[in-house]
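Letter by letter, the chains look like this.
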Amino acid sequence: MSLNPNPLYAAPEDWRAYSGTLSRRVFAFILDYIIVLLLCIPAAVVLFFLSILTLGLGFFLYPALFVLVAGLYFGLTVGGPSQASPGMRAMGIAIVRVDGRPMDFLLAIAHLALFWILNSVLTPLILLAGLFTERSRLIHDLLVGTVTVRTA
């Protein structure tokens, strides 16, 4: 098995690929969650009609609607060929694996789940880790084996 020579998948060694990624991640986070909130509106409408068809059983999915929409959103975009969500692409960053393999859907979901868990426990301290680690990696990046790089 050989590694993919695509430069998007390989974590570069040049320090310039990581400069300014922490602030770009914050703005990408804000953009992405605005998009997720907007996507929850049509998803709620679809879930309403699904609930009518299932005689009310679909209404039990409303508390998990945001988690489902965000999971699909990040799983399909970060785990897709661009390795970045629309907010990340707007900020000129992408997530790549340290071992050089492309991100897949499950790893993107694990990355998101660890972010949510660690953010609920450590709240603002999660961003402080990026100031002291190499390549501005956050704690969930270290646990999953990913790094955020600049694409523009």
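Residues numbered from 1 in each chain as written. Predicted model: local features only at pLDDT ≥ 70, side-chain atom pairs only at ≥ 80, totals over all residues. Heavy atoms only, no water.

Section: the overall build of the chain
Item 1. A tally of helices and strands in the chain yields 6 helices and 2 strands.
Item 2. N-terminal to C-terminal, the α/β element order of the chain is α-α-α-β-α-α-α-β.
Item 3. For the chain, the spread of C-alpha atoms along the three principal axes comes to 55 × 35 × 25 Å.
Item 4. Out of the 152 residues belonging to the chain, those deemed buried represent 38%. (Helix = DSSP H or I, 4+ residues; strand = E, 2+ residues; numbered from the N terminus. Buried < 20%, exposed > 50% of the residue type's maximum accessible area, 1.4 Å probe, protein only.)

A few points about the pairing of strand β1 (residues 93-97)
Item 1. Across the 5 residues that make up β1, a large majority, 5, are buried.
Item 2. Burial along β1 is two-sided: I93, I95 and R97 facing one way and A94 and V96 facing the other are all buried.

Digging into the UniProt feature "transmembrane region" (unreviewed entry) in the chain
Item 1. As annotated by UniProt and renumbered to match this structure, "transmembrane region" (unreviewed entry) occupies residues 26-50, 57-76 and 105-132.
Item 2. Secondary structure across residues 57-76 divides into 60% helix and 0% strand, with the first and last C-alpha atoms of the span separated by 26 Å.
Item 3. Helix and strand shares over residues 105-132 are 93% and 0% respectively, and the end C-alpha atoms of the span are 29 Å apart. (UniProt positions renumbered as here; feature names shortened; annotations may be inferred.)

Re the layout of surface pockets
It is a probe the size of a water molecule, rolled over the atoms, that shows where empty space is left.
Item 1. Taken as a whole, the largest pocket spans an internal volume of roughly 450 Å³.
Item 2. If you go around the largest pocket, you meet 23 residues; those closest to its centre are R25, F29, Y33, F115 and H140.
Item 3. Elements with a minimum of two residues in the lining of the largest pocket: α1 (21-53), α2 (65-78), β1, α4 (105-122) and α5 (125-132).
Item 4. Of the residues in the lining of the largest pocket, the class split is 16 nonpolar, 5 polar and 2 charged. (1 Å grid on protein atoms, 1.4 Å probe; cavity = no way out; pocket = protein on both sides within 12 Å on 5 of 7 lines; lining within 4 Å. Points joined across faces, edges and corners; volume = space filled by probe spheres on them. Nonpolar A, V, L, I, M, F, W, Y, C, P; charged D, E, K, R; others polar.)

Section: α2
Item 1. Across its 14 residues, α2 extends 20 Å between first and last C-alpha, which sits within 8% of the 20 Å expected from 1.5 Å per residue.
Item 2. Residues of α2 that are buried make contact with α1, α3 (86-91), β1 and α4. (Expected span 1.5 Å × (residues − 1). Contact = heavy atoms within 4.5 Å.)

With respect to the pairing of strand β2 (residues 146-150)
Item 1. Among the 5 residues in β2, 4 count as buried, and that is most of the element.
Item 2. In this sheet, β2 lies alongside β1 in antiparallel orientation, the contact comprising 5 bridges. Residue pairing for β2: I93 is matched across the bridge by R150. (Pairing = 2+ DSSP bridges.)

Things to note about unusual backbone geometry
Item 1. Of note, L55 is a non-glycine position whose phi angle comes to about 60°, a positive value.
Item 2. Mapped onto the elements of the fold, L55 is located in the loop between α1 and α2.
Item 3. You can call L55 exposed: its relative accessible area is 80%.
Item 4. Here Q83, not a glycine, exhibits a phi torsion of approximately 60°, which is positive.
Item 5. With respect to the helices and strands, Q83 occurs in the loop between α2 and α3.

Some words on the packing of aromatic side chains
Item 1. This model, assessed by the stated rule, comprises 9 aromatic pairs.
Item 2. Centre to centre, the rings of F48 and F49 are 5.4 Å apart; their planes meet at 75°, and the pair counts as edge-to-face.
Item 3. Here F48 falls in the partly exposed class, since its relative accessible area comes to 34%.
Item 4. A relative accessible area of 52% places F49 in the exposed class.
Item 5. In this structure an aromatic cluster arises from ring pairing among F29, Y33, F66, Y73, F74, F115 and W116. (Phe/Tyr/Trp six-rings, centres within 6.5 Å; stacked < 30°, edge-to-face > 60°.)

Examining a nonpolar patch on the surface
Item 1. A cluster of nonpolar side chains, V26, F27, F29, I30, I34, L38, I41 and L127, forms an exposed patch at the surface whose accessible area comes to about 720 Å².
Item 2. By residue number, the principal contributor to the nonpolar patch is α1, which donates 7 residues.
Item 3. Within the fold, F27 resides in helix α1. (Patch = residues over 30% accessible without salt bridge, like charges linked within 9 Å, V, L, I, M, F, W, Y side chains within 5 Å. Areas by Shrake-Rupley, 256 points an atom, 1.4 Å probe, with all protein chains shown as cover. Salt bridge = Lys/Arg side-chain N within 4 Å of Asp/Glu carboxyl O.)

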